[in-house]
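One-letter residues, chain by chain:
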Amino acid sequence: MSKTRIGTPCIGVCSTVFGDTVCRGCRRFSHEVVDWNAYSEEQKRLVWQRLDELLTLVVRNYFEVVDATALAAQLDYQNLRYQTQLSPEGWVPELLKAAGRQRLDYAVFGLRPLAEAQGLAPRELYDQISKECHALNQAHYDRSFGRPVGITGELVRHAARENGLF
């Protein structure tokens, strides 16, 4: 029986120290950041699962991963760090961040950009995906731990307004 430790989602840019309830770096809730080392492996897996599901939901608005093997191979070739606990959609933001304003041939990376991605530089896409993902995580936090809001739609709109999405 192999005992593989589950790594932390931390990327070294923690905004919870400044009072954010959801970290702008790794998108964990503040209590998850504080208690991470005390969590069981199952608790860590559940956090990773939530992070992956919400990130995947957002990335799929911009890209279809048509070849995950090609994406992983290219990320390795480019020496880009990506979290293996995430699905291939979860690796896309690292590629976009690294590319910055450079144009990318997304097909080489096994990606098909969707209409929402057209005309945007990789860094602009990264920033948009990050904002949307943070808003979803904030909405999830608010629904579960924070201020009560009547229905989910109101909660999402509230979090989006707070994060300047509209």
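Residues numbered from 1 in each chain as written. Predicted model: local features only at pLDDT ≥ 70, side-chain atom pairs only at ≥ 80, totals over all residues. Heavy atoms only, no water.

Participant: Can you tell me about the pattern of salt bridges, naming the residues and giving the values?
Facilitator: Counted by the stated rule, this structure contains seven salt bridges. Glu32 is the salt-bridge partner of Arg50, the closest N and O atoms lying 2.8 Å from each other. With Arg50 in helix 2 (residues 41-59) and Glu32 in helix 1 (residues 30-35), this pair connects stretches of sequence that are 18 residues apart. Neither Arg50 nor Glu32 differs from the other in exposure class; each is buried. (Salt bridge = Lys/Arg side-chain N within 4 Å of Asp/Glu carboxyl O. Helix = DSSP H or I, 4+ residues; strand = E, 2+ residues; numbered from the N terminus. Buried < 20%, exposed > 50% of the residue type's maximum accessible area, 1.4 Å probe, protein only.)

Participant: Summarise the environment of Thr16; cite the residues concerned and give the values.
Facilitator: Here Thr16 is to be found in the segment before helix 1. Along the backbone, Thr16 and Phe29 are 13 residues apart, and their C-alpha atoms lie at a distance of 8.2 Å.

Participant: Talk me through the packing of helix 2 against helix 4 (residues 88-99); I want residue IDs and the actual numbers.
Facilitator: Close contact between helix 2 and helix 4 brings their axes to 8 Å; oriented N to C, the two are set at 70°. Regarding the angle of helix 2 to helix 4, the classification is roughly perpendicular. Both helix 2 and helix 4 take part in a crossing whose hand is left-handed. Residues Leu55, Thr56 and Val59 of helix 2 pack against Glu89, Gly90, Val92 and Pro93 of helix 4. When its residues are assigned to classes, the contact of helix 2 with helix 4 shows four nonpolar, two polar and one charged. (Axes fitted to C-alpha atoms, helices over the stretch in contact; angles between N-to-C directions. Parallel < 35°, antiparallel > 145°, perpendicular 65-115°, else oblique. Left-handed = near helix turned anticlockwise from the far one by under 90°. Contact = heavy atoms within 4.5 Å. Nonpolar A, V, L, I, M, F, W, Y, C, P; charged D, E, K, R; others polar.)

Participant: An account of helix 4 is requested, with residue identities and associated values reported.
Facilitator: Compared with the 16 Å implied by 1.5 Å per residue over twelve residues, the 17 Å span of helix 4 between its first and last C-alpha is a close match. Taken together, the buried positions of helix 4 are occupied by Glu89, Gly90, Trp91, Val92, Pro93, Leu95, Leu96 and Ala99. Where the residues of helix 4 are buried, they touch helix 2, strand 1 (63-65), helix 3 (68-77), strand 2 (111-113) and helix 5 (122-144). Taken from the residues just after helix 4, Gly100 is the one with a positive phi, measuring 60°. (Expected span 1.5 Å × (residues − 1).)

Participant: Talk me through the packing of aromatic side chains; I want residue IDs and the actual numbers.
Facilitator: Considering all chains together, one arrives at six aromatic pairs under this definition. Residues Phe29 and Tyr141 carry aromatic rings whose centres are separated by 5.1 Å and whose planes lie at 70° to one another, so their mutual orientation is edge-to-face. Separated by 112 residues along the polypeptide, Phe29 in the segment before helix 1 and Tyr141 in helix 5 bring together distant segments of the chain. Of the two residues, Phe29 and Tyr141, neither departs from the other in class, the shared state being buried. A ring pair is formed by Phe29 and Phe145, whose centres lie 5.6 Å apart and whose planes are at 75°; its orientation type is edge-to-face. Here the residue Phe29 occupies a position in the segment before helix 1, and Phe145 occupies one in the loop between helix 5 and helix 6 (152-162), the gap between them amounting to 116 residues. (Phe/Tyr/Trp six-rings, centres within 6.5 Å; stacked < 30°, edge-to-face > 60°.)

Participant: Give a detailed account of the state of the cysteines, specifying residues and quantitative values.
Facilitator: By the definition in use, this model includes zero disulfides. In this model Cys26 remains outside any disulfide bridge; the closest cysteine sulfur is found in Cys23, 3.9 Å from its own. Judged by relative accessible area, Cys26 falls into the buried class, the value being 8%. (Disulfide = S-S within 2.5 Å.)

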